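Residue-level structural notes
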Amino acid sequence: MIPSPNNIHWHIKAKNSEAIDAIETTAKDKLLPWHDSLVNNVALFSQYLLKHPQSKQQAELVALAYWCRKANLAKIKQEYKLLESSSSNTNKRQSVARVFHIAPSNVDTVFFYSLLLSALSGNENIVRISGRSGELCYLLIDLFKQFLNENKALTLKGLVNIVEYNAINTAATTAFSQWATLRVIWGGDEAIEAILAIAPHDNQLCFPDRYSIAVCHLTEEDDIQTVVKKFIADFSPFNQQACSSPKALFWLNTCREIQSEFFKILNQELTKIELDSNCSNRVERQINFQQLLLINDNKIIFQQSNDYLMLVEFESLCVEHLIRHQGNSLLLQKNIVCLTSLPISKKLQSITYWGLNENEQQQIKHTSKQVVPFGLALAFNHHWDGKALLEEFTLPSYFLSE
Amino acid sequence: MIELIDLPVYQYSTKKKQRLLDKHLLTLTQFHQNNCALYKRFMQAYSASSINKANDIPPFAVRHFKEHHLSSISDNDTFKTLNSSGTTGTPSSIVLNAETARLQTKVLVKTLQHWLGKARLPMLIIDAPNTIKNKNTMTARAAGINGFSMFGRDHHYALDENMQLNIEVIDSFFKKHQQQPLLMFGFTSIVWQQFIQELQQQKRQYNLLQATLFHGGGWKKMIQQTVTNDHFKQTIYQCLGKINVHNYYGMVEQTGTIHIECEYGYLHTPIWADVIIRRVSDLSLANNQELGLVQVNSVIAKSYPGHCLLTEDLGQIIGEDNCKCGRKGKYFIIKGRVPRAEMRGCSDTFA
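Residues numbered from 1 in each chain as written. Chains lettered and ligands numbered in written order. Predicted model: local features only at pLDDT ≥ 70, side-chain atom pairs only at ≥ 80, totals over all residues.

Let's shift gears to the domain arrangement of chain A. Residues and elements named next belong to chain A. For chain A, the assigned domains read domain 1 (9-207 + 385-399) and domain 2 (211-373). Across the boundary between the two partners, domain 1 contributes five residues, which contact six residues of domain 2. When the residues that make up the side of domain 1 that touches domain 2 are grouped by side-chain class, the tally is one nonpolar, two polar and two charged. (Domains from an automatic or database assignment. Contact = placed C-beta atoms within 7 Å. Nonpolar A, V, L, I, M, F, W, Y, C, P; charged D, E, K, R; others polar.)

Counting residues at the interface gives 42 residues for chain A and 29 residues for chain B. The element best represented in the side of chain A that touches chain B is helix α12 (residues 279-293) of chain A, accounting for ten residues. Each residue belonging to the side of chain A that touches chain B can be placed in one class, and the counts come to 16 nonpolar, 17 polar and nine charged. (Helix = DSSP H or I, 4+ residues; strand = E, 2+ residues; numbered from the N terminus.)

Right, let's get into the pairing of strand β8 (residues 244-249) of chain B. Residues and elements named next belong to chain B. The buried count for β8 comes to five of six residues, which makes it a mostly enclosed element. Bridging between β8 and strand β9 (residues 259-261) involves two bridges; their strand directions are antiparallel. Bridged to Tyr 248 within β9 is Ile 260. (Buried ≥ 20, exposed ≤ 12 C-beta atoms within 10 Å, placed from the backbone. Pairing = 2+ DSSP bridges.)

All names here are of chain B. Along its sequence, chain B is carved into domain 1 (1-81 + 276-338) and domain 2 (119-261). Computed over C-alpha atoms only, the centres of domain 1 and domain 2 are separated by 29 Å. Contacts between the two partners involve twelve residues from domain 1 and, on the opposite side, nine residues from domain 2. Of all the secondary-structure elements, those providing two or more residues to the side of domain 1 that touches domain 2 are β12 (292-298), β13 (308-320) and β14 (330-337). Per element, the largest residue contribution to the side of domain 1 that touches domain 2 is three residues, and it comes from β14. In the side of domain 1 that touches domain 2, the residues fall into seven nonpolar, four polar and one charged.

Once that is clear, we can look at the packing of helix α8 (residues 188-201) of chain B against helix α10 (residues 229-240) of chain B. Residues and elements named next belong to chain B. Packing of α8 against α10 leaves a shortest axis separation of 10 Å and a crossing angle of 50 degrees. One finds that α8 runs oblique with respect to α10. Judged by the sense of rotation from one axis to the other, the crossing of α8 with α10 is left-handed. On α10, the residues touching Trp 192, Ile 196, Leu 199 and Gln 200 of α8 are Phe 232, Thr 235, Ile 236 and Cys 239. Of the residues belonging to the contact of α8 with α10, the class tally is six nonpolar, two polar and no charged. (Axes fitted to C-alpha atoms, helices over the stretch in contact; angles between N-to-C directions. Parallel < 35°, antiparallel > 145°, perpendicular 65-115°, else oblique. Left-handed = near helix turned anticlockwise from the far one by under 90°.)

What follows deals with the sheet that holds strand β12 (residues 330-336) of chain A. Residues and elements named next belong to chain A. Ordered in space as β10-β11-β12-β9-β8-β13-β14, the seven strands form an open sheet in which the pairing is mixed. Each having just a single partner strand, β10 (300-305) and β14 (370-373) make up the two edges of the open sheet. Averaged over neighbouring strand pairs, the angle between their axes works out to 20 degrees when direction is ignored. Pairing geometry for strand β8 (residues 211-216) and strand β13 (residues 348-354), over five bridges, is parallel. Within β13, the position partnered with Ile 213 by the bridge is Ile 351.

A few words now on the nonpolar core. In terms of nonpolar packing, the biggest core is built from 133 residues, with Ile 126 and Phe 185 of chain B touching the most fellow members. In terms of residue count, α8 of chain B provides more of this core than any other element does, six residues in total. In contact with Ile 126 of chain B, not counting residues within four places along its chain, are Ala 158, Leu 159, Met 184, Phe 185, Gly 186, Ile 190, Val 191 and Phe 195 of chain B. The next biggest cluster of nonpolar side chains, apart from the first, holds 55 residues, and it includes Tyr 80, Leu 120, Ala 175 and Phe 176 of chain A. (Core = buried A, V, L, I, M, F, W, Y, C linked by C-beta atoms within 7 Å.)

Next comes the structure, spelled out in structure tokens:
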């Protein structure tokens, strides 16, 4: 039974009766992880998104639709099957049953990947979104609601609840947490701590604070325009506040002229895209820049800013600068001669690279949770932040009491 | 410093005033660098050779006072610590030594005497008496009431403990002083909601002949109710008669230094202070009339590095030396606080 605490806004409420009907009248095995009926439902939503005039214009929604298209789901399912067959004493896995997802107030779409993967794994889900969520988040929920209404017999209907409530409503957080067999907290160290203080949970998946960086080696042969466009795909979405968006760009043995050319084109390209930043973000950027100045004894070697970008070179750049960095189109840059000077720490999430040879790629492979070429920092992967989500959302069946 | 305190409040033209500010603000910059480690760190990140006049001094974000203990004096010399109201988030904490505290009072006295004269006036405080009773938390409201009370006598509170009109007090106060100069003080939103709108509702009108109202504390609530400064004043005139109404702009980080609205609706910087408007994108100096981020300078911030501060308010300089009211120096308007950008993304808070 889904709990019903007070003062909750239910964006989407699972059709309980239908779900039960579906299970009783058809087959309970529809809720087995990666059952065809679930995969088909999600693939249908992909088509819906790709066709809908409102989502077609949103790069983030197109990316989501592309990720959950039938062909890609088939690929992921194969991986799941491999996982299942690798389980030693049984070839069956089961859903973890009930998952409570706490989404960040933005990176508006990431919670949805988490929700879909969990639903595909056959779990019932409650997603809590924050009242501070961005427009894109509400648009996505709206589209999903419409999709559920327009399509009658969806197994998915019984599995998805989306709620919004204020964090001070601790009774709600407690009730949903108690209901859940797995809790997923889409990060922020502070958020994780706050939620733990409200309601501890012995089975949870957390995505804490991370920072990400970019490494680039350019020569005269490179088509800088292309490199810039790929870099922007990592740098600009969600105001540079996604944890996989690069906060700093490290130039590996690249001459200053080429760097200047890169920034010239970067500035030109940034003016062309519709930014989701405003005056407040630019004020925050100024303040955040000053906060970084107070971290260590340092010198500003170079600083240039406009509405679209603040580019800064400090004499020294350390991990703390990257941890305290708050996005808003502030790019720290640094010249390096070898990859060992990258600021590696356990909070490093992604390294995006361009122009690295095989050896160099190999060299940084294990320094972070994700090492991908420019342009793919935000591409969702079911191995997220070092966690294998297919495994997290299911259990070997011998764990289950029956 | 004695001579600085005795300067006329609004008589120096910008050029002459700028020379004075350059000298004092550059000296303070050096002093705070020598005495406050974090401020030194901040300043040393910049190239020293590029800082030759007040406008070159990088403004230090007010936000730092919410996140760090910033002091240029030894703990033994701490006279008192001021805290901002903290209605939105963490309060600022400002450390004063005896000298800075004394200068704050002097500057406030000099500034207000320009508008009120030297005699203490009968004073009606548009607030509840219990607002200043909590000694542990010095709210901005309490600090404002205490500061302005120095200019009054025969103090009365217009509101009761529940923030409701105390009609007997108001009636008898106005009756007694209707013909004389009198002083009223309150927070803008309280003056509006708890006083003027309530008097209107109760259909009470007065005809005060020589009253002056000072109000400050921000327009956030007023903007939410779409009350303009003009509408605010007109309503007050209808209710109380043609009195003098002055908004003021100031903050706990520069207590004592206040910018007062003239008869033409513009805020004026006193001789000890300055306002600079900077572009949000790169903090370059904005032109007159151009909207930007407000920097406030004050030559009396001696115990903490608060002499050149970058606020989170938006404003615009209207002109210099040529306000119709005759006061010299810059005159400006404030367009409110920049809404705090929500920290979104992965390193999120649970809210």
